[in-house]
Protein chains: 2
Amino acid sequence: MLKVGYIGLGIMGKSMARNILHGGYPVMVHNRSREIVKELVSEGATEAFSPAEVAANTDVVFTNLPDSPDVLNVVFGEKGISEGGKPGLIYVDHSTIKPAVSRQIYEKLAEKGIKSLDAPVSGGDIGAKQGTLTIMVGGDDFILEKVKPILSLCGKTITYVGGPGTGQIAKAANQIMVAAQMVAMAELLIFSQKAGADCKKVVEAIKAGAAQCWTLDVKPQRLFEGNREPGFKAYLQAKDLNIIMETAREYGIPLPSAAIDAQLYNAMLQLGNGQQDNSAIISVIEQLAGVHLNESNH
Amino acid sequence: MLKVGYIGLGIMGKSMARNILHGGYPVMVHNRSREIVKELVSEGATEAFSPAEVAANTDVVFTNLPDSPDVLNVVFGEKGISEGGKPGLIYVDHSTIKPAVSRQIYEKLAEKGIKSLDAPVSGGDIGAKQGTLTIMVGGDDFILEKVKPILSLCGKTITYVGGPGTGQIAKAANQIMVAAQMVAMAELLIFSQKAGADCKKVVEAIKAGAAQCWTLDVKPQRLFEGNREPGFKAYLQAKDLNIIMETAREYGIPLPSAAIDAQLYNAMLQLGNGQQDNSAIISVIEQLAGVHLNESNH
């Protein structure tokens, strides 16, 4: 049985590491903040004090970190994975970062005989807890086959997209659609209310037709109940949109609609709402329209 | 049994009139172009030569017309519904027009004792043929109850939204979401391809996650097969977005994302692609990015 390492035990990482641990694998864990390390150790994990230590003592290392610089630091920084890992190690990055950075990591680790996969996820904290995430994988398919039994403890849909970086491209594509739906939902709710209709009736009328989406199935009800807690935090949606716009610029891809969405999420951060759910982008449209969503509207 | 009139036998109207006719109702039909009138007469309908004639000889009149001026002309113009209709007539408008115009029609017809409903539909030509449309209804609920058995021959989801005009508001809300999804789909496909991934794999990876929508379920496959035929014609999507933007301006509702979508559909018309499916908005993103979607990509 493969020995597993897990680095980055935030909202997503801790649930995923726990699923792997409870799935019967030996798991060594490391995290900057130590409380969650103690918690997982009490459930049977082994404690480590650096990424290098994790890499030196395991067969597969997973990371789940906020952004590109964090991943580069954990992989190539002092006492990093690259320093501790021996040839044959497999490295799986669940972080959402720039596709170009994932490609760079793949190439540089390959020189050391370490194989890597970019494997960003979608499905939020609930998906992480329940092990029902969508996992989009770039890298070598025969490496994916080796770790698939472990990934299956965390995700219900695991799709091999292609070579290194393509998992990140798929995640970026996912976020283009998710951001568009969140903003459109916010616009149509405020539009409906201010034009004189009952928003709840409008959602009921349209959710089964051509506009059908998971966003309309789940998010308006939360907003009608006055619930803007995450879920998926808006500052991460903003970060993902910035990854998309930077990547689009590098490859020469104009994205007019995603660009507007990126600006609206940046505005949301300026309103101080970055820790709210990504559906709370409605706060920006409320601000622009000078009204508040009628939360008694349920 | 109520005597039914149907005016406006385009792609949508002819299928809906046929469903009512084959549902056992006596149907009197009128249309500017006469071929489709002859066709329905051969199936059992009665021919009329003006909206007034239809209104004078039936209990419920349906219209399905392109835009606000067409509806105003058929209702209030010479030999219009208002001229021919007696008190007690019910008028149901399936056209997608400005909410304010629907309210105006409701009020002016009420003075003559004619009750009206705004009842725009979603679901395209296939939904019209199969009688599976989504119908969003504004007006008086007791009037809706009277015509519901007839509407049920055309739609599987019939939602009473509220007072006059609110059916149109729901349809506008629907089109805000549909346009956002179409544009986001176009952007994510071109993004994925130009950044170096297999678009088909990307769609497969994301369609079951947080990005899930009817648009991703149905439209990318058509585009991969090189099929840009309607479906729902882009010039109608552009018209609906212009209704949305005009209504938003009247009510003081800034809609940054819908505004961009409106501009992109206007650009699509300038490319001469207005008769294509609304998913062919990808032609605008292709033009901007200087690439064509790889149609062998399936």
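The residue count restarts for each chain, going from 1 along the sequence in the order it is written. Key to labels: chains lettered from A, ligands numbered from 1, both in the order written. Only residues with pLDDT of at least 70 get local features here, since the model is predicted, and only at 80 or more are side-chain atom pairs given and counted; chain-wide, interface and lining totals rely on the full set of residues. With hydrogens and water set aside, each side-chain value is computed from the structure's full complement of heavy atoms.

A.B. asks: Requested: an account of the packing of aromatic side chains, with residues and values cited.
C.D. replies: All names here are of chain A. Here the aromatic set is Phe, Tyr and Trp, taking the six-membered ring for Trp, and pairing holds for ring centres within 6.5 Å; pairs whose planes are under 30 degrees apart are stacked, those over 60 apart are edge-to-face, and all others are tilted. Here the structure, examined in full by the defined rule, presents two aromatic pairs over all chains. A ring pair is formed by Tyr 6 and Phe 62, whose centres lie 5.7 Å apart and whose planes are at 10°; its orientation type is stacked. With Tyr 6 in strand E1 (residues 4-7) and Phe 62 in strand E4 (residues 60-63), this pair connects stretches of sequence that are 56 residues apart. Residue burial is assigned from relative accessible area. The probe radius is 1.4 Å, only protein chains are included, and a residue is buried under 20% of its type maximum, exposed over 50%, and partly exposed in between. Judged by its relative accessible area of 0%, Phe 62 falls in the buried class. In this scheme, Lys NZ or Arg CZ marks a charge over a ring once it lies within 6 Å of the ring centre and within 35 degrees of the ring normal. In this structure, Lys 108 is placed above the aromatic ring of Phe 76, and the distance from its NZ or CZ to the ring centre is 4.4 Å. Numbering of helices and strands runs from the N terminus; a helix is a DSSP stretch of H or I covering at least four residues, while a strand is a stretch of E covering at least two.

A.B. asks: Quick rundown of the pairing of E1(A)? Include the residues and the values.
C.D. replies: Two faces make up the sheet, and in a regular strand the side chains alternate between them. Residue and element names in this part refer to chain A. Taking every second residue as pointing to the same face, both faces of E1 are buried, with Val 4 and Tyr 6 on one and Gly 5 and Ile 7 on the other. Strand pairing is defined by DSSP finding a minimum of two bridges between the two strands. Both E1 and E4 contribute to a ladder of four bridges, which runs parallel. Bridge pairing in E4 links Tyr 6 to Phe 62. Bridge analysis of E1 against strand E2 (residues 27-30) gives four bridges, and the strand direction is parallel. Residue pairing across strands places Gly 5 opposite Met 28, the latter belonging to E2. The handedness rule is simple: strands pointing away from the viewer, and a clockwise path from the first strand over the helix to the second, make the crossover right-handed. Following the backbone out of E1, through helix H1 (residues 11-22) and into the adjacent parallel E2, one traces a crossover that is right-handed.

A.B. asks: Pulling in residues and values, what's your account of helix H4 (residues 68-76) of chain B?
C.D. replies: Residue and element names in this part refer to chain B. Those residues of H4 that fall on the buried side of the exposure criterion are Ser 68, Val 71, Val 74 and Val 75. Looking down the long axis of H4, one finds its buried residues gathered within 135° of arc, a one-sided arrangement. Those residues of H4 that are exposed and angled more than 90 degrees off the buried face are Pro 69 and Asn 73. Comment: arc refers to directions from the helix axis out to C-beta atoms.

A.B. asks: Break down the pattern of salt bridges for me, citing the residues and quoting the values.
C.D. replies: What makes a salt bridge here is a side-chain nitrogen of Lys or Arg within 4 Å of a carboxyl oxygen of Asp or Glu, nothing more. Per the stated rule, a full pass over the model turns up 26 salt bridges over all chains. Between Glu47(B) and Arg34(B) there is a salt bridge; the shortest N-O distance is 3.1 Å. Remark: Arg34(B) occurs in the loop between strand E2 (27-30) and helix H2 (35-42) and Glu47(B) occurs in strand E3 (residues 46-47); sequence separation between them is 13 residues. Classification of Glu47(B) by relative accessible area gives partly exposed; the value is 22%. In the salt-bridge network here, residues are joined through shared partners; they are Arg18(A), Glu39(A) and Glu43(A).

A.B. asks: Explain the interface of chain A and chain B to me, and be specific about the residues and the numbers.
C.D. replies: When the parts come together, some accessible area is lost, and that loss is often what is quoted as the size of the interface. With 64 residues of chain A in contact, the opposing surface of chain B contributes 64 residues. Summed over both partners, the accessible surface that disappears when two parts come together, traced with a 1.4 Å probe, is what is meant by buried area. Summed over both partners, the interface of chain A with chain B buries about 5,100 Å², with 71% contributed by carbon and sulfur atoms. If you sort the residues of chain A by the area they bury against chain B, Met177(A), Phe191(A) and Ala210(A) come out on top, with a joint share of 14%. Any pair of N or O atoms that falls within 3.5 Å is considered a polar contact. Within protein, one atom must be able to donate a hydrogen and the other to accept it, and sequence-neighbouring residues count only if both atoms are side-chain atoms. Taken together, the links from chain A to chain B amount to 13 residue pairs in polar contact (both at pLDDT 80 or more). Within the residue set of the side of chain A that touches chain B, elements represented by two or more residues are strand E8 (133-138), strand E9 (155-162), helix H9 (166-195), helix H10 (199-206), helix H11 (214-224), helix H12 (234-251), helix H13 (256-270) and helix H14 (282-289) of chain A. The element contributing the most residues to the side of chain A that touches chain B is H9(A), with 21 residues. Of the residues in the side of chain A that touches chain B, the class split is 41 nonpolar, 15 polar and eight charged. The contact rule is simple, with two residues in contact once any of their heavy atoms fall within 4.5 Å. Under this grouping Gly is polar, as are all residues other than the nonpolar Ala, Val, Leu, Ile, Met, Phe, Trp, Tyr, Cys and Pro and the charged Asp, Glu, Lys and Arg.

A.B. asks: Break down the relation of the copies chain A and chain B for me, with residues and values.
C.D. replies: For these two chains of identical sequence, chain A goes onto chain B by a turn of 180° and a shift of 0.0 Å along the axis, with RMSD 0.0 Å. Such a turn and shift between the copies fits a two-fold axis. Scanning chain A for the C-alpha nearest the rotation axis identifies Cys213(A), at a separation of 2.0 Å. Interface overlap between copies is the fraction of interface residues in one copy that are interface residues in the other; for chain A against chain B it reaches 100%, indicating a shared surface. A least-squares fit on C-alpha atoms brings the copies together, and the residues used are those whose pLDDT is at least 70 in both copies.

A.B. asks: Before we move on, could you go through the environment of Lys112(B) and cite the residues and values that matter?
C.D. replies: All names here are of chain B. Topologically, Lys 112 is positioned in the loop between helix H6 (99-110) and strand E6 (115-118). If near-sequence neighbours (up to four positions away) are discounted, Lys 112 is found in contact with Ser 82 and Pro 87. In terms of polar contacts, Lys 112 uses its side chain to reach the backbone carbonyl oxygen of Ser 82, at 3.3 Å.

A.B. asks: Tell me about the nonpolar core, residues and numbers included.
C.D. replies: Definition used in this section: a nonpolar core is a set of buried Ala, Val, Leu, Ile, Met, Phe, Trp, Tyr and Cys residues joined via side-chain atoms within 4.5 Å. Counting residues in each nonpolar core, the largest one holds 104 residues, and the members touching the most others are Leu189(A), Tyr265(A), Leu189(B) and Tyr265(B). Here Leu189(A) is in contact with Cys199(A), Val203(A), Leu223(A), Phe224(A), Ile282(A) and Leu293(A), once residues within four sequence places are set aside.

A.B. asks: Before we move on, could you go through the domain arrangement of chain A and cite the residues and values that matter?
C.D. replies: All names here are of chain A. Start and end positions for the domains come from either an automated domain assignment or a database one. Per the domain assignment, the segments of chain A are domain 1 (4-164) and domain 2 (170-296). Just the C-alpha atoms count here: the centres of domain 1 and domain 2 sit 29 Å apart. With 15 residues of domain 1 in contact, the opposing surface of domain 2 contributes 12 residues. Carbon and sulfur atoms supply 58% of the area that domain 1 and domain 2 bury against each other, a total of about 1,100 Å² over both sides. Broken down residue by residue, the surface that domain 1 buries against domain 2 is led by Thr 96, Lys 98 and Met 136, which jointly contribute 39%. If you look at where domain 1 meets domain 2, you find two salt bridges. Taking the shortest distance from any N to any O, the salt bridge between Lys 98 and Glu 246 comes out at 3.1 Å. In this structure, the connection of domain 1 to domain 2 is made through eight residue pairs in polar contact (both at pLDDT 80 or more). Counting residues per element, the ones that place at least two in the side of domain 1 that touches domain 2 are helix H6 (99-110) and strand E7 (121-122). The biggest single contributor to the side of domain 1 that touches domain 2 is H6, with three residues.

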